[in-house]
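Now for the letters of each chain:
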2 protein chains.
Amino acid sequence: MEYKSTTNNMQATTIKLKSRPVGLPNANDFEITPTTLPPLRPGEVLLETKYVSVDPYLRGKMSGTKIPRFEIGSPINSKIIAKVAASNSPDFTEGDYVSHYLDWSTYQIANGAGLENVDPAQAALTAYLGVLGVTGLSAYFALTDIGQPKAGETLVVSGAAGAVGSIAGQIGKLMGCRVIGIVGTDEKMDLIKSKFGFDEAINYRTCGDIKAAIARACPEGVDIYFDNVGGPIADRVIENINTYGRVIACGAISNYNDVDREKSFSLLPMVVYKFLRIQGFLIADYRPRFPEGIQKLQTWLSEGKLTYSETIIKGFDKLPDAFIGLFSGQNEGKMIVEV
Amino acid sequence: MEYKSTTNNMQATTIKLKSRPVGLPNANDFEITPTTLPPLRPGEVLLETKYVSVDPYLRGKMSGTKIPRFEIGSPINSKIIAKVAASNSPDFTEGDYVSHYLDWSTYQIANGAGLENVDPAQAALTAYLGVLGVTGLSAYFALTDIGQPKAGETLVVSGAAGAVGSIAGQIGKLMGCRVIGIVGTDEKMDLIKSKFGFDEAINYRTCGDIKAAIARACPEGVDIYFDNVGGPIADRVIENINTYGRVIACGAISNYNDVDREKSFSLLPMVVYKFLRIQGFLIADYRPRFPEGIQKLQTWLSEGKLTYSETIIKGFDKLPDAFIGLFSGQNEGKMIVEV
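Remember, predicted model here, so these are calculated numbers, not experimental data.

A. Broad picture of the overall build of chain A. Across its full length, chain A holds 9 helices and 16 strands. The C-alpha atoms of chain A give a radius of gyration of 21 Å, which matches the 20 Å a tight globule of 339 residues would have. Along the longest, intermediate and shortest principal axes, the C-alpha atoms of chain A span 65 × 45 × 35 Å. Per-residue burial for chain A yields a buried fraction of 57% across its 339 residues. At a minimum sequence separation of 6, the contacts of chain A that also span at least 24 residues come to 68%. In chain A, the 34 positive side-chain charges and the 37 negative ones have mean positions that sit 3 Å from each other.

Quick look at the structure:
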């Protein structure tokens, strides 16, 4: 293979962590900076970033509570779909599309390790970041493995119009559950009922007493709570939970910007009395089972039993704003930046 | 079999729930009252109460948060060792000792359902309420099944000088864990180290900053927390918990008398970040595996690898006081009333 020096002095733009956010992140916590790429060495590929996955969990890596954390002065990193712009690797050809955890950079050099080919003929490229990616797999494994849903049970999903929540709710329906979604706008209420088939929707901003609203929507109580938000909403759902209830702690977006730890009621007595299981979910634990999950999700997609929403924002430099927008629910479904 | 009318007009004394306790229970919540037993019918046995198990979980059944609850005007009910005083059943002989959930009554009639024979030649009768009963089985199944201890891990047990805690800590040692116990007196510190083999002990009343004391005792963090107390102690342990930590919610005695729900920090963000599992334990779920558990416990006992403490209070009418005494830690090991 011919040695290519395509990247000699090539310029890219990179977004680095400038300071650890305190409270709601703002644009000043990020630095958009030009970088110069070194020449491509044997075995390496030059990647052109196409789509960037923008996710709430990145907040924890910015403040350092989620390990491994981002370092100040280093690039932010998330799941990205990139095009192989040049290749010195026998494994990749110019024009291939690949997916991996990559830096927030318009171009970058990779040694090929961990890059997965994605096929734009089989699904939209963005689907590999969402329903066929970590998002869909998280919804699938968290719900089935931690939630253990049984037909006839009541499942409540918060962040129900979000990337994971919208998929989790649909999978709950496929498993025979009655599914109630909690969202923050009337538009999202309509969306989750009409597009995603939720049985009922609650707008936590307008429903008044959230505990009572959940009780009304769940006359037989809550068997499974798929939590994407944490905070008071989670507390109000858990107050409605049945004996042997399961809480899937998949995300806690309402708490991610907390400066002081939020006060809550002590969960432990209820865990004791009701024999609850509250479990945190880590998608990496399910890596050996990814093929099973992807096959399930792909089958449901092709059968028309599963659908998804995306909020696609154009422009690499919009990444910080897209990320900050997650915390006010600017997204319907998966938040993606198209470069 | 000859029909016996031993109980014709026989007098017994019974302790009934007079009012649902608010806060710490007091003697006025109980009514000690004479009862007259009807004649013994075919198939029935007359039971003479010998030893009564006095347990924190009864508090929840008194206030009604734990189902099935006790009804006002009905007898309190817990695990009891009784002697068969008269039998109209082919399955039981006068002089047999049996164990079951029975009423707090000096004498009572039972139809034989659920009564289990216990053999005073094989172990002390009180052991069937403790280490070989629900107490020991709870420690064994909660620790092994929810806690999943691995050799080298750090286990923290609260209520460590109590009935379940003292057994759980010893089983943790048998499984190769480093075991730290939290107790409320210096005498109990000595006890759990010298008698039960805990590696370290913390007196939460005198140690100062509990979180820091746990951190000092657990330089590699806490992998498993066996919680018998709930409340702020539980919170401080959980603040020291490692990624993939497990919290066994076996009891929350510090919260059982709460009138208002205690404020705590919101656990859910930490569950998300650290992929924790927090699970409530119900011994009844393990009924099919009781023989396995009893065999394990009996083997360890006979090999001298497991020991136990009991606090035995004499006098049927001392039952309310013995129960109330649990909440100020009056017991070392299992609290039992001998009639």
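The rest of the description comes next.
B. Looking closely at the relation of the copies chain A and chain B. The two copies are related by a screw operation: chain A maps onto chain B through 180 degrees of rotation and 0.0 Å of translation along the axis, at an RMSD of 0.0 Å. Here the copies are linked by what is in effect a two-fold axis. Looking at the interface residues of chain A, 100% of them are also at the interface in chain B, so both copies use one shared face.

C. Fine view of the packing of helix α5 (residues 210-217) of chain B against helix α6 (residues 231-238) of chain B. Residues and elements named next belong to chain B. For the pair α5 and α6, interaxial distance at closest approach is 9 Å and the crossing angle is 45 degrees. Looking at the two axes, α5 sits oblique to α6. Here α5 and α6 pass one another in a crossing that is right-handed. Residues Ile 210, Lys 211 and Ile 214 of α5 pack against Ile 233, Arg 236 and Val 237 of α6. Classifying every residue of the contact of α5 with α6 gives 4 nonpolar, no polar and 2 charged.

D. Structural detail: the packing of aromatic side chains. On inspection of all chains with the given rule, the structure shows 16 aromatic pairs over all chains. Centre to centre, the rings of Tyr 140 of chain B and Phe 141 of chain B are 5.0 Å apart; their planes meet at 70 degrees, and the pair counts as edge-to-face. Comparing Tyr 140 of chain B with Phe 141 of chain B shows no difference in burial state: the two are buried. An aromatic cluster is defined as three or more aromatic residues linked by ring pairs; in this entry it consists of Tyr 140, Phe 141, Phe 281, Tyr 286 and Trp 300 of chain A. The residue whose ring lies beneath Lys 61 of chain A is Phe 70 of chain A, and the NZ or CZ to ring-centre distance is 5.7 Å.

E. Highlighting the side chain of Lys 66 of chain B. Within the element layout of this structure, Lys 66 of chain B appears in the loop between α1 (58-63) and β4 (77-87). Here Lys 66 of chain B is buried and forms no salt bridge, its nearest opposite-charge partner Asp 285 of chain B lying at an N-O distance of 10 Å. In this view, Lys 66 of chain B contacts Tyr 273 and Phe 275 of chain A together with Tyr 57, Gly 60 and Lys 61 of chain B; residues no more than four positions away in its chain are not counted.

F. Region of interest: the pattern of salt bridges. A full pass over the atoms with the stated rule returns 26 salt bridges over all chains. As a salt-bridge pair, Glu 71 of chain B and Arg 20 of chain B come within 3.4 Å of each other at their nearest N and O atoms. In this pair, Glu 71 of chain B is assigned in the loop between α1 and β4 and Arg 20 of chain B in the loop between β1 (10-17) and β2 (30-37), connecting sequence segments 51 residues apart. Owing to a relative accessible area of 22%, Arg 20 of chain B belongs among the partly exposed residues under this scheme. Salt bridges sharing partners connect three or more residues here, namely Arg 20, Arg 69 and Glu 71 of chain A.

G. Structural detail: the confidence of the model for chain A. Per-residue confidence for chain A averages 94 on the pLDDT scale, and 98% of its residues sit at or above 70. Complex prediction metrics read pTM 0.88 and ipTM 0.85.

H. Examining the sheet that holds strand β10 (residues 200-203) of chain B more closely. Spatially, β10(A)-β9(A)-β8(A)-β11(A)-β12(A)-β14(A)-β14(B)-β12(B)-β11(B)-β8(B)-β9(B)-β10(B) is the arrangement adopted by the 12 strands of the open sheet, whose pairing is mixed. Each edge of the sheet is formed by a strand with only one pairing partner; in this case those strands are β10 (200-203) of chain A together with β10 of chain B. Between one strand axis and the next, the sheet turns by 15 degrees as a mean value, whatever way the strands run. Sheet analysis places strand β8 (residues 154-158) of chain A next to strand β11 (residues 222-227) of chain A, joined by 3 bridges and oriented parallel. When the bridges of β11 of chain A are listed, Val 156 of chain A appears paired with Tyr 225 of chain A. Each of β8 (154-158), β11 (222-227), β12 (241-249) and β14 (277-280) of chain B is contacted by helix α2 (residues 134-147) of chain B, which is oriented at about 150 degrees to β12 of chain B, the strand it contacts most. Most of the contacts of helix α4 (residues 186-194) of chain B go to β10 of chain B, to which it runs at about 165 degrees, and overall it touches β9 (178-183) and β10 of chain B.

I. Here's a closer look at the interface of chain A and chain B. At the interface, 38 residues of chain A touch 38 residues of chain B. Of the roughly 3,300 Å² buried where chain A meets chain B, counting both sides, 63% is carbon and sulfur surface. Elements represented by at least two residues in the side of chain A that touches chain B include exactly α6 (231-238), β12 (241-249), β13 (263-265), α7 (268-274) and β14 (277-280) of chain A. Broken down by element, the residue count for the side of chain A that touches chain B peaks at 6 residues, all from α7 of chain A. A class-by-class count of the residues in the side of chain A that touches chain B yields 21 nonpolar, 9 polar and 8 charged. Relative to β14 of chain B, β14 of chain A is paired through 3 bridges, and the arrangement is antiparallel. Paired with Arg 277 of chain A across the strands is Gln 279 of chain B, a residue of β14 of chain B.

J. Looking closely at the pairing of strand β16 (residues 334-338) of chain A. Residues and elements named next belong to chain A. Taken across its 5 residues, β16 has 4 buried, putting it largely inside the fold. Sheet topology places strand β3 (residues 45-53) next to β16; 3 bridges connect them, and they run antiparallel. Bridge pairing in β16 places Tyr 51 opposite Glu 338. Taken together, the 5 bridges between strand β15 (residues 310-314) and β16 define a ladder with parallel strand orientation.

K. Spotlight on the environment of Phe 226 of chain A. All names here are of chain A. Along the chain, Phe 226 falls in strand β11. For the pair Phe 226 and Ser 158, spaced 68 residues apart in sequence, the C-alpha separation works out to 6.5 Å. Among all residues touching Phe 226, those that are not within four sequence positions of it are Ser 138, Ala 139, Ala 142, Leu 143, Leu 155, Val 156, Val 157, Ser 158, Val 164, Ala 168, Ile 248 and Cys 250.

L. Geometry of helix α5 (residues 210-217) of chain A. All names here are of chain A. Among the residues of α5, those classed as buried are Ile 210, Ala 213, Ile 214 and Ala 217. For α5, the angular spread of buried residues about the axis comes to 100 degrees, placing them on one side. Against the buried residues of α5 lie β9 (178-183), β10, β11 and α6. With a side-chain oxygen positioned 3.0 Å from the backbone nitrogen of Lys 211, the residue opening α5 is Asp 209.

M. Local environment of the environment of Lys 79 of chain A. Residues and elements named next belong to chain A. With respect to the secondary-structure elements, Lys 79 resides in strand β4 (residues 77-87). On a C-alpha basis, the gap between Lys 79 and Asn 28 in space is 23 Å, while along the polypeptide they are 51 residues apart. With residues near it in sequence (within four places) discarded, Lys 79 still touches Tyr 51, Val 52, Ser 53, Ser 99, His 100, Tyr 101, Leu 129 and Val 134.

Rules behind the numbers
- Residues numbered from 1 in each chain as written.
- Chains lettered and ligands numbered in written order.
- Predicted model: local features only at pLDDT ≥ 70, side-chain atom pairs only at ≥ 80, totals over all residues.
- Heavy atoms only, no water.
- Helix = DSSP H or I, 4+ residues; strand = E, 2+ residues; numbered from the N terminus.
- Rg over C-alpha atoms; globule rule 2.2 N^0.38 Å.
- Buried < 20%, exposed > 50% of the residue type's maximum accessible area, 1.4 Å probe, protein only.
- Contact = heavy atoms within 4.5 Å.
- Lys, Arg positive; Asp, Glu negative; His and termini not counted.
- Charge placed at Lys NZ, Arg CZ, Asp CG, Glu CD.
- Least-squares fit on C-alpha atoms with pLDDT ≥ 70 in both.
- Axes fitted to C-alpha atoms, helices over the stretch in contact; angles between N-to-C directions.
- Parallel < 35°, antiparallel > 145°, perpendicular 65-115°, else oblique.
- Left-handed = near helix turned anticlockwise from the far one by under 90°.
- Nonpolar A, V, L, I, M, F, W, Y, C, P; charged D, E, K, R; others polar.
- Phe/Tyr/Trp six-rings, centres within 6.5 Å; stacked < 30°, edge-to-face > 60°.
- Lys NZ or Arg CZ within 6 Å of the ring centre and 35° of its normal.
- Salt bridge = Lys/Arg side-chain N within 4 Å of Asp/Glu carboxyl O.
- pLDDT = per-residue confidence, 0-100.
- Pairing = 2+ DSSP bridges.
- Buried area = accessible area lost by both parts, 1.4 Å probe.
- Arc of directions from axis to C-beta.
- Polar contact = N/O pair within 3.5 Å; in protein donor to acceptor, adjacent residues only side chain to side chain.

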